[in-house]
Amino acid sequence: MCKPPFRMNRLLVACAATLLFALDLGAQALLSHDAPLDLVVQENKDREEANEISKAIGGKAVTFHETENFVWVASMPLGKLTKITAEAEACYKLFADQAGIKDWKELWAGDRKCMGVILGNKADYKRYVRWYAEKYPVWNKQQFQNEHSSSMWFQVPVPRNVMVTHLKPNDEDTVAAVMCHLMGHLVVDRYKFNNNFTPGWLRESMGVYFQGEVHGKMLCGNYQDPYGLGSGDQNRQKGLKKSDYRSRAKKEMAGGRLRNLKTFFSLQVENELEFEDTLKGHILLSWMLKEKGKLPEFIAEMKKRWPGDINSSFSPDKEKAQNEALKAVYDIEPEKLDRELTKFASRGY
């Protein structure tokens with residue numbers, strides 16, 4: 001078992017070793033199967049895990065569904081699940097197309113598709129958090145449970161890729177937006193995985209970008225407690241249509257109210273971010289994605305240069321890694337890129 005911790009949503013999660021699945025064949029929970037059961041080992045493991053989840057939440061029925069790049073366990077009928085799965089697949093394909101990924105095994109961990117889990121309510125969500133902490137190696141079981149139980153969604157890059165949320169009080173539209181956002185975190189963390197922290201600005205910006213491109217609006221005030229929740233800016237408390245969000249980003253950029261990239265690149269963890277930082281991140285990612293393949297290349301170059309110590313805090317070496325990756329891939333320095341982004345936003349980006 002690897003020892004270095006890994007942080008997701010302000011939580012450190014352990015690097016994983018491969019686990020043997022302990023199957024309780026005498027306690028099969030009720031599943032609603034939408035596809036025929038076969039002998040494929042991968043699918044069997046996922047179905048068995050769905051049974052375990054059903055058992056963990058009190059034997060309640062769940063829907064098991066497999067899509068091209070995910071498996072799903074949900075406390076909702078398949079008819080209502082398909083919009084959510086379609087948006088997650090669209091996010092995956094946006095990034096896969098940029099990165100030239102042909103097979104999900106190139107991105108997900110442990111030769112298993114990422115699992116999306118949607119529980120029926122907060123109580124079942126907490127039961128799932130406890131089940132995950134018991135089944136998989138996390139750096140600290142109690143802290144894992146405390147941190148994730150207090151939120152309404154989370155994702156984990158290792159050892160078992162999952163993105164998890166719940167209904168009640170969330171509606172299905174919110175769940176779809178959440179899954180788009182969590183996909184942004186996962187692709188940044190999983191691509192060229194290095195079992196280390198990735199910058200908060202990049203993970204959050206990708207989440208917001210996916211929301212706009214796929215879901216059509218950004219619910220960027222809904223995630224944990226980042227984005228300056230004490231700032232009084234009500235735009236971060238409600239969903240903004242992509243067009244409205246872009247208009248706000250252009251206005252703030254033109255007014256010189258967004259941080260420069262030197263400061264922006266220092267934002268390593270989510271609770272350092274404010275609403276305006278999501279605007280800057282959206283402009284920056286839109287610029288980086290203009291040329292196909294460049295953003296994944298930037299992520300790869302940044303991770304190659306990332307310091308080896310496992311530490312969530314900012315360090316000069318992390319700034320250096322981002323600046324050098326920017327120069328290697330885009331042949332530009334942060335100061336010059338700040339000027340270019342101002343022009344880019346003014347043209348409508």
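Our subject is the structure listed above.
By convention here, each chain's residues receive numbers from 1 onward along its written sequence. Two thresholds apply to this predicted model, a pLDDT of at least 70 for residue-level local features and 80 or more for giving and counting side-chain atom pairs, whereas whole-chain, interface and lining totals are computed over all residues. Calculated side-chain values reflect all of the structure's heavy atoms, with hydrogen atoms and water omitted.

Enquirer: For this particular structure, what's the right way to read the overall build of the protein chain?
Expert: The number of helices and strands found in the protein chain is 12 helices and 10 strands. Out of the 349 residues in the protein chain, the part that is buried amounts to 57%. We call two residues in contact whenever any of their non-hydrogen atoms come within 4.5 Å of each other. The contacts in the protein chain between residues at least 6 apart in sequence include a share of 68% that link residues at least 24 apart. Strands here mean DSSP runs of E at least two residues long; helices mean DSSP runs of H or I at least four residues long; both are numbered from the N terminus. Residue exposure (1.4 Å probe, protein chains only): buried if accessible area is under 20% of the type maximum, exposed if over 50%, otherwise partly exposed.

Enquirer: How should I be thinking about the side chain of Lys113 in this particular structure?
Expert: Tracing the sequence through the fold places Lys113 in the loop between helix H2 (78-99) and strand E6 (114-119). Lys113 gets classed as buried once you look at its relative accessible area, which sits at 8%. Side-chain polar atoms of Lys113 contact the backbone oxygen of Thr67, separated by 2.8 Å. Here a polar contact is taken to be a pair of N or O atoms separated by no more than 3.5 Å, where protein atoms must pair a possible hydrogen donor with a possible acceptor and residues adjacent in sequence count only if both atoms sit in side chains.

Enquirer: Could you clarify how one ought to interpret the pairing of strand E5 (residues 70-74) in this entry?
Expert: In terms of burial, E5 is a largely internal element, 5 of the 5 residues being buried. Neither face of E5 is left uncovered, since the one carrying Phe70, Trp72 and Ala74 and the one carrying Val71 and Val73 both have all their residues buried. With 4 bridges connecting them, strand E4 (residues 62-66) and E5 associate as antiparallel partners. When the bridges of E5 are listed, His65 appears paired with Trp72. Counting the residues in the hairpin turn of E4 and E5 gives 3 residues. Strands were regarded as paired on the criterion that DSSP finds at least two bridges between them.

Enquirer: Where do I start with the nonpolar core in this structure?
Expert: Note on soluble globular proteins: their nonpolar side chains tend to be buried together. Residues enter a nonpolar core if they are buried and are Ala, Val, Leu, Ile, Met, Phe, Trp, Tyr or Cys, with the set joined through side-chain atoms within 4.5 Å. Within the largest apolar cluster, 74 residues are counted, with the highest numbers of intra-cluster contacts made by Met163 and Phe298. A total of 10 residues in this core trace back to one element, the largest contributor, which is helix H5 (residues 172-190). Residues Ala50, Ile57, Val73 and Met115 belong to the second largest nonpolar core, which totals 23 residues.

Enquirer: Where do I start with helix H12 (residues 334-346) in this structure?
Expert: One fewer than the residue count of a helix, multiplied by 1.5 Å, yields its expected span. In a regular helix each residue adds 1.5 Å, so 13 residues correspond to 18 Å; H12 covers 18 Å between its end C-alpha atoms and thus fits that length. Every buried residue belonging to H12 is among Pro334, Leu337, Asp338, Leu341, Phe344 and Ala345, and all of these are buried. Taken down its axis, H12 places every buried residue within 125° of arc, on the same side. When the buried face of H12 is taken as reference, the exposed residues oriented beyond 90 degrees from it are Arg339 and Ser346. Considering only its buried residues, H12 is in contact with helix H7 (242-254), helix H8 (261-264), helix H9 (275-288) and helix H11 (316-330). Two residues or fewer after H12 comes Gly348, characterised by a positive phi angle close to 110°. Working definition: the arc comes from the directions between the helix axis and the C-beta atoms, pointing outward to the latter.

Enquirer: Sorry, what's going on with the packing of H2 against helix H6 (residues 200-215) here?
Expert: Two quantities define a packed helix pair, namely the angle between the helix axes and the distance between the axes. Geometry is summarised by axes, namely lines fitted to C-alpha atoms with helices restricted to the contacting stretch, and by angles between N-to-C directions that run from 0 to 180 degrees. Running from amino to carboxyl end, H2 crosses H6 at an angle of 115°, the nearest separation of the two axes being 10 Å. Crossing geometry of H2 relative to H6 is assigned as right-handed. On the side of H2, the interface is formed by Lys83, Glu87, Ala90, Cys91, Leu94 and Phe95, while H6 contributes Met206, Phe210, Glu213, Val214 and His215. Note on residue classes: Ala, Val, Leu, Ile, Met, Phe, Trp, Tyr, Cys and Pro are nonpolar, Asp, Glu, Lys and Arg are charged, and everything else, Gly too, is polar. Partitioning the contact of H2 with H6 into residue classes produces 7 nonpolar, 1 polar and 3 charged. Two helices that cross are described as forming a left-handed crossing if the nearer one is turned anticlockwise from the farther one by less than a right angle, and a right-handed crossing if clockwise.

Enquirer: Hey, could you run me through the packing of aromatic side chains in this one?
Expert: The geometry of an aromatic ring pair is captured by two quantities: the separation of the ring centres and the angle between the planes. Put simply, two rings from Phe, Tyr or Trp (the six-membered ring, in Trp's case) pair if the centres are within 6.5 Å, and we call them stacked under 30 degrees between planes, edge-to-face over 60, tilted for the rest. As enumerated under the stated definition, the model contains 19 aromatic pairs in all. Ring geometry for Tyr132 and Phe154: centres 6.5 Å apart, planes at 80°, overall edge-to-face. Residue Tyr132 is found in helix H3 (residues 122-135), and its partner Phe154 is found in strand E7 (residues 153-156); the two are separated by 22 residues along the sequence. Under the relative-accessibility criterion, Phe154 is labelled buried at 0%. Aromatic rings pair up to connect Tyr125, Tyr128, Trp131, Tyr132, Tyr136, Phe144 and Phe154 into one cluster. Over the face of the ring belonging to Phe193 we find Arg190, whose NZ or CZ atom lies 4.5 Å from the ring centre. The ring centre of Tyr349 lies 4.5 Å from the NZ or CZ of Arg246, which sits over that ring. We call a charge positioned over a ring when the NZ of a Lys or the CZ of an Arg lies within 6 Å of the ring centre and within 35 degrees of the ring normal.

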